[in-house]
Amino acid sequence: MKEHIAQILEIIDKLKAVGEEINDHYIAALLEVSFPKSYDTLIMALEARPENDLAPKLTKNKLTDEYNRRKEQDSDRNLAQAFKANVIFNTNNQNKNDKFCRFCKNPVIQGIVAIT
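Let me begin by describing the structure that accompanies this report. (Residues numbered from 1 in each chain as written. Predicted model: local features only at pLDDT ≥ 70, side-chain atom pairs only at ≥ 80, totals over all residues. Heavy atoms only, no water.)

1. Examining the overall build of the chain
Using the following cut-off: Secondary structure elements are defined from DSSP: runs of H or I of at least 4 residues count as helices, runs of E of at least 2 residues count as strands, and each element is numbered from the N terminus. Buried, partly exposed and exposed residues are distinguished by accessible area as a fraction of the type maximum, computed with a 1.4 Å probe on protein chains only: under 20%, between the cut-offs, and over 50%, respectively. It only takes one pair of heavy atoms within 4.5 Å for two residues to be counted as in contact. Reported accessibility uses the Shrake-Rupley method at a 1.4 Å probe radius. Residues are deemed covered only where the shown protein chains occlude them.
In terms of regular secondary structure, the chain is built from four helices and four strands. Along the chain, from the amino end to the carboxyl end, the secondary structure elements read α-α-α-α-β-β-β-β. By residue count, 23% of the 116 residues in the chain fall in the buried class. Across the chain, every contact between residues at least 6 apart in sequence was considered, and the portion connecting residues at least 24 apart equals 42%. On the chain, roughly 8900 Å² of surface is accessible, and the fraction owed to carbon and sulfur atoms is 52%.

Take a look at the structure:
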């Protein structure tokens with residue numbers, strides 16, 4: 001994400017270096033259109049803001065925040081999947097429907113490890 005934004009800003013700096021005048025609203029718009037469709041809701045919210053609020057720094061920060069939020073959600077989802085995969089059925093001396101945590105061996109009740 002940071003590399004993508006840096007590349008866009010680098011291109012803009014190169015254009016400015018050759019004398020091209022690029023205002024802040026145009027920079028913000030370039031950042032917005034460079035993201036995939038999955039960011040459309042955020043981009044629409046940004047575009048609904050007054051024009052004088054739409055600065056490149058705000059756009060960059062909001063897009064980065066959204067990327068980090070999605071990355072954290074994916075991490076949480078992966079952690080939940082990993083935990084779920086580590087819960088096993090203990091069939092030795094227990095009811096077949098009883099679940100136990102593979103690590104602490106405590107029973108799992110409705111998806112939550114019971115601390116004993």
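Once the structure has been displayed, the description carries forward.
2. Comments concerning helix α2 (residues 24–33)
Since the α-helix turns once every 3.6 residues, residues separated by three or four places project in the same direction. So the rule is basically this: Note that the arc is computed from the directions linking the helix axis to the C-beta atoms. What qualifies as a polar contact is a pair of N or O atoms within 3.5 Å, subject to a donor-acceptor requirement within protein and to the restriction that residues adjacent in sequence count only when both atoms come from side chains.
Taken residue by residue, α2 has Ile27, Ala28, Leu31 and Glu32 as its buried positions. With its buried residues spanning 140 degrees around the axis, α2 presents them on a single face. Backbone nitrogen of His25 and a side-chain oxygen of the N-cap are separated by 3.1 Å at the start of α2; the cap is Asn23.

3. Notes on the packing of aromatic side chains
Worth spelling out the cut-off: Any pair of Phe, Tyr and Trp rings, taking the six-membered ring for Trp, is counted once the centres come within 6.5 Å. Such a pair is stacked with planes under 30 degrees apart, edge-to-face with planes over 60 apart, and tilted for the rest.
Evaluated as defined, the whole model comprises one aromatic pair. Ring geometry for Phe35 and Tyr39: centres 5.2 Å apart, planes at 50 degrees, overall tilted. Each member of the pair, Phe35 together with Tyr39, is buried.

4. What to know about helix α1 (residues 2–17)
Applied cut-off: Residue count minus one, scaled by 1.5 Å, sets the expected span of a helix.
Between its first and last C-alpha atoms α1 spans 22 Å; for 16 residues at 1.5 Å apiece the expected length is 22 Å, and the two agree. Phi turns positive, to about 100 degrees, at Gly19, one or two residues after α1.

These figures capture arrangement, not role.
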